[in-house]
Amino acid sequence: MAVPAAGLSRRLVNWARMKSPWITVFNSGACNACDIEIIACLMPRFDVERFGILVKGSPRHADILIVTGPVTLKQASRLRRVWEQIPEPKYVIAMGACGAGGGAFYGLYHVMDCVDCVIPVDVYVAGCPPRPDEIINGVVTCLNLVHEDAAHGGKEWRQKKTVPVTGTDTNICKVVP
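Residues numbered from 1 in each chain as written. Predicted model: local features only at pLDDT ≥ 70, side-chain atom pairs only at ≥ 80, totals over all residues. Heavy atoms only, no water.

Peer 1: What should I look at first to understand helix α3 (residues 73–85) in this one?
Peer 2: In an α-helix there are 3.6 residues to a turn, and that puts residues three or four apart on one side. What α3 keeps buried is the set Ala76, Leu79, Val82 and Trp83. Along α3, the residues classed as buried sweep out an arc of 135° about the axis, all on the same side. Of the surrounding secondary structure, the elements contacted by the buried residues of α3 are β1 (22–27), β3 (64–68) and β4 (91–95). (Buried < 20%, exposed > 50% of the residue type's maximum accessible area, 1.4 Å probe, protein only. Helix = DSSP H or I, 4+ residues; strand = E, 2+ residues; numbered from the N terminus. Arc of directions from axis to C-beta. Contact = heavy atoms within 4.5 Å.)

Peer 1: Any chance you could explain the packing of helix α2 (residues 33–42) against helix α5 (residues 132–152) here in plain terms?
Peer 2: Pairs of packed helices are described in terms of their axes, by the angle between the two and the distance that separates them. Running from amino to carboxyl end, α2 crosses α5 at an angle of 80°, the nearest separation of the two axes being 9 Å. By the angle class used here, α2 and α5 are roughly perpendicular. Each of Glu37, Ile38, Ala40 and Cys41 in α2 lies in contact with α5, whose residues at this interface are Pro132, Ile135 and Ile136. Split into classes, the residues belonging to the contact of α2 with α5 amount to 6 nonpolar, no polar and 1 charged. (Axes fitted to C-alpha atoms, helices over the stretch in contact; angles between N-to-C directions. Parallel < 35°, antiparallel > 145°, perpendicular 65-115°, else oblique. Nonpolar A, V, L, I, M, F, W, Y, C, P; charged D, E, K, R; others polar.)

Peer 1: How do you make sense of the pairing of β1 when you look at a structure like this?
Peer 2: Regular strands place side chains that alternate from one sheet face to the opposite one. With 2 bridges connecting them, β1 and strand β2 (residues 54–55) associate as parallel partners. Bridge pairing in β2 links Ile23 to Val55. In the sheet, β1 pairs with β3 via 5 bridges, with the strands oriented parallel. Pairing of Thr24 across the sheet is with Leu65, part of β3. (Pairing = 2+ DSSP bridges.)

Peer 1: Before we go on, may I ask you to explain the side chain of Asp116 in this structure?
Peer 2: Tracing the backbone shows Asp116 in the loop between α4 (96–101) and β5 (123–125). Within the structure, the side chain of Asp116 is placed 3.3 Å from the backbone nitrogen of Val121, a separation counted as a polar contact. (Polar contact = N/O pair within 3.5 Å; in protein donor to acceptor, adjacent residues only side chain to side chain.)

Peer 1: Would you mind showing me how to read the state of the cysteines here?
Peer 2: What is meant by a disulfide is a covalent connection between two cysteines, made through their sulfur atoms. In total, this model carries 0 disulfides according to the counting rule given. Considering cysteine sulfurs only, Cys128 is the nearest to Cys98, which forms no disulfide, with 5.6 Å between them. On the basis of relative accessibility, which here comes to 12%, the residue Cys98 falls in the buried class. (Disulfide = S-S within 2.5 Å.)

Peer 1: Looking at this structure, I do not really get the side chain of Asp122. What am I missing?
Peer 2: With respect to the secondary-structure elements, Asp122 resides in the loop between α4 and β5. The buried category is assigned to Asp122, whose relative accessible area is 18%. A polar atom in the side chain of Asp122 sits 2.9 Å from the backbone nitrogen of Val92.

This is the structure we're talking about:
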């Protein structure tokens, strides 16, 4: 009798996660244009709360982490700590050109190449800055991943492993299949 109840509670949690994803935003230090676009998503014109998307200040309550800006060497450990505080299953959206590959800050001595060098990224949202409707589309894409992962029994079926490349340049990473 306990097995159907566990299955029912798991289905209920997955349903709630699909209907009301909670996000938290990590600004790793850029021009703040992406943060302004996230605020525009919360305003009445786009109003993401009508879809059940809530922005939470604490990563312990979030399902999705949105990273804006390039990741600096100083922020890398902080970003990793915030990511570790999010309960499983957790999803990451790298937002804008800076989050995807450093953007205008690419190649600077203190900037990592991408967010994927520090934490695994599930969805990339392109643009500099991306429009609010693109941000909403990124969250919806992330919700589709939540649905697919629930159907496959977890995120392991599509995981990539990131390892830093050893050498003279410490801010390079590569993706190992």
